[in-house]
Amino acid sequence: MTPSPSRRALLAGSATLLATPHVAKAQTQYRPEYKMSVVGNRPIPFAEGAFQWAELITERSGGRINVKVYPGSQLVGGDQTRELLAMRQGIIDFAVFSTINIAPQVREAGIFQLPFLMPDHRAFDALLNGEVGRDLVGIMDRRDVTAVSFGENGFREISNSRRAIRTPADLRGLKIRFAAGAIFNDIFNGLGANPLQMSFADLQPALSTGAVDGQENPVNLFLAFRMDTLSQKHMTIWNYVNDALIFGLNKQLMAGFTPADQQLIRECGIEAARRNIALARRGLGIPGTDDSALVEARNRGVEVTVLSAEEKRVFATALRPVYDKWSATVGREIVGKAEAAIRAAS
């Protein structure tokens, strides 16, 4: 669903109240260009959020803060898992991070990768708008990143070239690509698949050659990159994880802007994240939207299987050992907060 006005206000408010500006002497002269990194490129909502943030900052500052987007994680050689380190080193100024890509370095960001923790978008919003979101802002601050807002990549659905997936047994033996994080290796091993980690840049050729049978990504990305033309003829809507996006910039850089420009950067990030969330949820058949994205996939010859709540529970039960193992890694305290928030939102 598209967030209600009150929910959008809560997201914006939590980001604004918690990510308070650092006190520092303001820059007297800004650089000619500030670099923003993001995975992928337009038109996927993930990348669109980055482009819109950069464009809003540049436009509303009258060009004083000129932000240029470098898509495809090109500033780090296409390896999205290096973006956080590159920002801390000053190679990247701004970024829209996926929590999947930073979780190997920020364990608490792995909360969004616990399998079947979040049954729906209401649960996802409950995490971002509550204590979990506030904790993540502080955690990123301690890692030299000022987080100004949260966005959404989308629930990650699974596709493959061989068969429909309705039960864990259907995954047995399938070679499935994942982006980053040992938890995904455990998830797919736990379901009997053969997981392979690779960058997004390597995914499309791997699908086209049959080096992998399938992949997991949001529906919007599946459609935008025409994965139906890469032998991906079976898609299962199982909503097993949804990676949050963090709109952030180098903490020291943020401290160097004037207070007015810090506020401008925050407000632009909140607006860009709000637009990103709406795009990520478009056409998925959730309350407040139609199912045009799923219809388009079917019209392209893709068999779309939508799991029932009971079918999802079978997967969740099979993955309970993985969930418990990684809860300890992510942190029992933040996991407890997440579970409580989801119960309250249900």
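Going by the structure above, here's the rest.
Keep in mind that what you see is a predicted model, and the values were worked out from it rather than measured.

Conventions and cut-offs
Residues numbered from 1 in each chain as written. Predicted model: local features only at pLDDT ≥ 70, side-chain atom pairs only at ≥ 80, totals over all residues. Heavy atoms only, no water. Core = buried A, V, L, I, M, F, W, Y, C linked by side-chain atoms within 4.5 Å. Buried < 20%, exposed > 50% of the residue type's maximum accessible area, 1.4 Å probe, protein only. Helix = DSSP H or I, 4+ residues; strand = E, 2+ residues; numbered from the N terminus. Contact = heavy atoms within 4.5 Å. Pairing = 2+ DSSP bridges. Right-handed = clockwise from strand over helix to strand, strands pointing away. Axes fitted to C-alpha atoms, helices over the stretch in contact; angles between N-to-C directions.

Focus on the nonpolar core
Inference 1: One finds Leu 171 and Trp 238 to be the most contacted residues of the largest nonpolar core, which totals 61 residues.
Inference 2: Among the elements that take part in this core, helix α6 (residues 131-141) stands out by supplying five residues, more than any other.
Inference 3: Sequence-distant contacts of Leu 171, defined by excluding residues within four places in its chain, comprise Ile 158, Arg 163, Ile 165, Ile 176, Leu 191, Gly 192, Ala 193, Trp 238 and Phe 315.
Inference 4: Ala 50, Met 198, Val 212 and Val 219 belong to the second largest nonpolar core, which has 51 residues in total.

Regarding the pairing of strand β2 (residues 67-70)
Inference 1: As judged from the four bridges shared by strand β1 (residues 34-37) and β2, these two strands associate in the parallel manner. The residue bridging Lys 35 from the neighbouring strand is Lys 68, located in β2.
Inference 2: For the segment spanning β1, helix α2 (residues 45-60) and β2, crossover handedness is right-handed.

Considerations on the pairing of strand β6 (residues 175-178)
For a regular strand, the rule is simple: side chains alternate between the two faces of the sheet.
Inference 1: With four bridges connecting them, β6 and strand β7 (residues 194-197) associate as parallel partners. From the neighbouring strand, Arg 177 faces β7, where its bridge partner is Leu 196.
Inference 2: For β6 and strand β8 (residues 214-217), the ladder comprises two bridges, and the chain directions are parallel. By the bridge assignment for β8, Ile 176 is matched with Gly 214.

A short note on the side chain of Asp 228
Inference 1: Relative to the elements of secondary structure, Asp 228 occurs in the loop between α9 (219-224) and β9 (234-237).
Inference 2: On the basis of relative accessibility, which here comes to 4%, the residue Asp 228 falls in the buried class.
Inference 3: Ignoring any residue separated from it by four or fewer positions in sequence, one finds Asp 228 in contact with Phe 222, Lys 233, Arg 300 and Val 302.

Quick word on the sheet that holds strand β4 (residues 145-155)
Inference 1: Strand order in the open sheet formed by five strands is β2-β1-β3-β10-β4, and the pairing between neighbours is mixed. Strand pairing shows two members of the sheet lacking a second neighbour, β2 and β4, which therefore form its edges. This sheet shows a mean twist of 20° between the axes of neighbouring strands, independent of strand direction.
Inference 2: Helix α5 (residues 121-128) rests against β4 and β10 (242-250) of the sheet, and its axis sits at about 175° to β4.
Inference 3: The strands touched by α6 are β4 and β10; relative to β4, the strand with the most contacts, the crossing angle is about 130°.

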